[in-house]
Amino acid sequence: MGIEIRQITKTFHQFTALKEVSLTIPDGQLVALLGPSGCGKTTLLRIVAGLEVANSGSILFHGEDATFQQVRERRVGFVFQHYALFRHLTVFENVAFGLRVRPRSQRPSKEIIKSKVNELLKLIQMQELADRYPRQLSGGQRQRVALARALAVEPKVLLLDEPFGALDTKVRKELRRWLRRLHETMHITSLFVTHDQEEAMEVADLVVVMNEGQVEQVGTPDDIYENPASPFVYQFIGHVNLFHGRLQTGNVRIGDLDITLDSHTEVHQAPVVAYVRPHELEISRESESTSIAVTVNSIHLLGPMVHLELLPQNSTEVLEAELTKEYYRQLRLQKGDKVFVKPRKMRLFMGGK
Amino acid sequence: MLLKTHSVIPGFHLALGFTLLYLCLIVLIPLSTVFLKTTTLTWEQFWLAVSAPRVLASYRLTFGTALLAALINAFFGLLVAWVLVRYSFLGKRFIDAMIDLPFALPTAVAGIALTAIYANNGWIGRYLEPWGIKVAFTPLGIIVALTFIGLPFVVRTVQPVLQDLEVEVEEAAVSLGATRWQTFYLIILPNLWPALLTGFALAFARGLGEYGSIVFIAGNMPMVSEIVPLIIITKLEQYDYEGAAAIAVVMLIASFILLLIINLLQWWSSRRYH
């Protein structure tokens, strides 16, 4: 068992940041805490680290209760969004810090510290820059130093707070892959906070989607994308089209469309919302009984994919569709064309207007 | 062909010219007259004037008390700045405003008030008397007065730097296993060091030149509690302008050397990460 979070509640004055959050982080996995800003993900991470104290609940590391342990007793590696490097120390001294501050009885000898720090610098590919000061490094290098510094103390768990948030897109992507490779070689139970769904999907073994102080869904990236557990997760992960309709004894009626379901035959009358991903909308020139007539509003060519904005005839809500460039050429689409769309796949949630 | 480089802010030549002229008028010319005045003395006369036993004692007293007061201020000023930045409490703004009072108060008022309090029948002095501690009319009184005068320097130089320190850096240190004390002296103190040195230098320099408050509390006994500025004034009152200028020259050179050393220290400590 890696990290166990049990019924954690945290309030700041009137504001409830976390509501009885329970979560299990499996041993040796890289887990992403994903959510919009203000959802409580950073607060949860800081509580796990011991930098913040929860109102109630408990934290266990590898089965051992850590709720009342001080930060320095928890042996967590913490990586901050803005690096938080010691600017008066060199790269080498930054990484060595955690070893040097150990009580004399546990402190390794100078030679061991030196070889260990050099090993870590090799790991982050910064051996040549050991004598530099943080201000002489780029953002990506600084964050790698911060990571090496956290790893030097051989932490039981590694916690990363938006580690790539302050970097530009290219460096971000590089570091993301590098972190993934690093995790594959070291297998430290890691928890990282991000608001970037792409980042969470690419790096993590397991994604925890949070919203308003609660966990919405826990699953593998693929699971989260394919089977979102709630409308929130659906909307937060990737783009989505919403269709409002009514459910009537196993039949869904959306505008002029009639779709027969296998389930929900017991429901007589209920409003539903259908969620369809842009790539799940099929476009054709010919009308079918289950298709919606739309006008092509705009066309964006994004590399191999084509992004369309479609305006349904009897609605002002724009639909988004995605198709391959090949198929787009085949259809010979033009702005203002009248075409028909039909959802290939959809997911219904009760409620809505 | 080299292109002429242009600064974003225009008027470099004008601004520099003005700065040099201004410094000449305000600092350099008045100071150089002190040197000029001493040239009327022979080397022998000069040496006699600046090395009289009474004068030597006053050098020791002035530099010693200014140094001790600046050290006290460096320590307690840091503490005051720390409390003002890190904690919030009732009346914090009031205390923050009070720090500047020693700047504004006429020094004579400070001297008289401190003398009244620390005299052997004063508010505090009467409780110190049974312990055999005499503050007023002794070198100790001078240190008290200089500590009072110099307090704002350290607080006001350290405060903004302390405010700019990221809390995250301390959290990082703690998460790496540092104790509170280790976090303070390994992480916080090195960052404050340049500012602390500046504050110390300012308080020290202020202490060397202080006159107004000390003449009231020191008692001004020759060889014991007579400061250099007082000797200069005494010489002036006896129309010994050359003697006064000679002592002033020694003070000037000594102060300049000491401040230069402090500045070098500061440059050395801040060069690494600023």
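Before reading on, note that the structure itself is shown above.
Residues numbered from 1 in each chain as written. Chains lettered and ligands numbered in written order. Predicted model: local features only at pLDDT ≥ 70, side-chain atom pairs only at ≥ 80, totals over all residues. Heavy atoms only, no water.

**Student:** Just to check I follow, could you spell out the overall build of chain A for this structure?
**Tutor:** Looking only at helices and strands, chain A features 10 helices and 20 strands. Expressed as a percentage of the 353 residues in chain A, the buried residues total 50%. Partitioning the contacts of chain A with sequence separation of at least 6, the portion at a separation of at least 24 is 66%. For chain A, the exposed area adds up to about 17200 Å²; of that, 48% sits on carbon and sulfur atoms. (Helix = DSSP H or I, 4+ residues; strand = E, 2+ residues; numbered from the N terminus. Buried < 20%, exposed > 50% of the residue type's maximum accessible area, 1.4 Å probe, protein only. Contact = heavy atoms within 4.5 Å. Areas by Shrake-Rupley, 256 points an atom, 1.4 Å probe, with all protein chains shown as cover.)

**Student:** For this particular structure, what's the right way to read the pattern of salt bridges?
**Tutor:** Under the criterion given, the structure shown has 28 salt bridges over all chains. A salt bridge links Glu171 of chain B to Arg46 of chain A; its shortest N-O distance comes to 2.6 Å. Remark: Arg46 of chain A occurs in helix H1 (residues 41-49) and Glu171 of chain B occurs in helix H9 (residues 167-175); the pair is interchain, linking two chains. Owing to a relative accessible area of 15%, Glu171 of chain B belongs among the buried residues under this scheme. Taking relative accessible area as the criterion, Arg46 of chain A reaches 16% and is therefore assigned buried. Asp100 of chain B serves as the salt-bridge partner of Arg156 of chain B, at 2.9 Å between the closest nitrogen and oxygen. Separated by 56 residues along the polypeptide, Arg156 of chain B in helix H8 (residues 139-164) and Asp100 of chain B in the loop between helix H4 (92-98) and helix H5 (101-104) bring together distant segments of the chain. (Salt bridge = Lys/Arg side-chain N within 4 Å of Asp/Glu carboxyl O.)

**Student:** What is the right way to read the packing of helix H4 (residues 110-123) of chain A against helix H5 (residues 139-152) of chain A from this model?
**Tutor:** Two quantities define a packed helix pair, namely the angle between the axes and the distance from one axis to the other. All names here are of chain A. One can describe the packing of H4 onto H5 by two numbers: an axis separation of 10 Å at closest approach and a directional angle of 140°. Taken as axis vectors, H4 and H5 run oblique relative to one another. For the pair H4 and H5, the crossing hand works out as right-handed. Contacts between H4 and H5 involve Lys116, Leu120 and Leu123 from the first element and Ala148, Leu151 and Ala152 from the second. Along the lines of polarity and charge, the residues of the contact of H4 with H5 split into 5 nonpolar, no polar and 1 charged. (Axes fitted to C-alpha atoms, helices over the stretch in contact; angles between N-to-C directions. Parallel < 35°, antiparallel > 145°, perpendicular 65-115°, else oblique. Left-handed = near helix turned anticlockwise from the far one by under 90°. Nonpolar A, V, L, I, M, F, W, Y, C, P; charged D, E, K, R; others polar.)

**Student:** Help me understand the interface of chain A and chain B in this model?
**Tutor:** Reports often express the size of an interface as the amount of accessible area lost when the parts come together. At the interface, 21 residues of chain A touch 22 residues of chain B. Across the interface of chain A and chain B, roughly 2100 Å² is buried in total on both sides, 60% from carbon and sulfur atoms. Considering only the side of chain A, the residues that lose the most area to chain B are Arg72, Arg87 and His88 of chain A, jointly responsible for 31% of the buried surface there. Where chain A touches chain B, the interface holds 1 salt bridge. Taken together, the connections running from chain A to chain B amount to 5 residue pairs in polar contact (both at pLDDT 80 or more). Of the residues assigned to the side of chain A that touches chain B, the class counts are 13 nonpolar, 3 polar and 5 charged. (Buried area = accessible area lost by both parts, 1.4 Å probe. Polar contact = N/O pair within 3.5 Å; in protein donor to acceptor, adjacent residues only side chain to side chain.)

**Student:** Can you walk me through helix H12 (residues 228-237) of chain B in this structure?
**Tutor:** Along an α-helix, residues three or four apart share an orientation, since each turn contains 3.6 residues. Residues and elements named next belong to chain B. For H12, the complete set of buried residues consists of Val228, Pro229, Leu230, Ile231, Ile232 and Lys235. Residues of H12 that are buried sit in contact with helix H3 (53-86), helix H10 (180-209), helix H11 (214-217) and helix H13 (241-270). Positive phi appears at Tyr239, one or two residues downstream of H12, with a value of about 60°.

**Student:** Could you clarify how one ought to interpret the nonpolar core in this entry?
**Tutor:** Note on soluble globular proteins: their nonpolar side chains tend to be buried together. Residues and elements named next belong to chain A. The biggest cluster of nonpolar side chains holds 47 residues, and the ones touching the most others in it are Val95, Val117, Leu121, Val145, Leu147 and Ile237. In terms of residues, this core owes the most to one element, H5, which gives 7 residues. Discounting chain neighbours no more than four positions away, the residues touching Leu121 are Val91, Phe92, Val95, Met126, Gln127 and Ala130. (Core = buried A, V, L, I, M, F, W, Y, C linked by side-chain atoms within 4.5 Å.)

**Student:** Which parts of the structure should I look at to understand the packing of H5 of chain A against helix H6 (residues 169-186) of chain A?
**Tutor:** Residues and elements named next belong to chain A. Where H5 contacts H6, the axes come no closer than 11 Å and their chain directions differ by 20°. With respect to each other, H5 and H6 are oriented roughly parallel. The crossing of H5 and H6 is right-handed. Across from Gly140, Gln143, Arg144, Leu147 and Leu151 in H5, the residues of H6 making contact are Val171, Leu175, Trp178, Leu179, Leu182 and Met186. Residues belonging to the contact of H5 with H6 are distributed by class as follows: 8 nonpolar, 2 polar and 1 charged.

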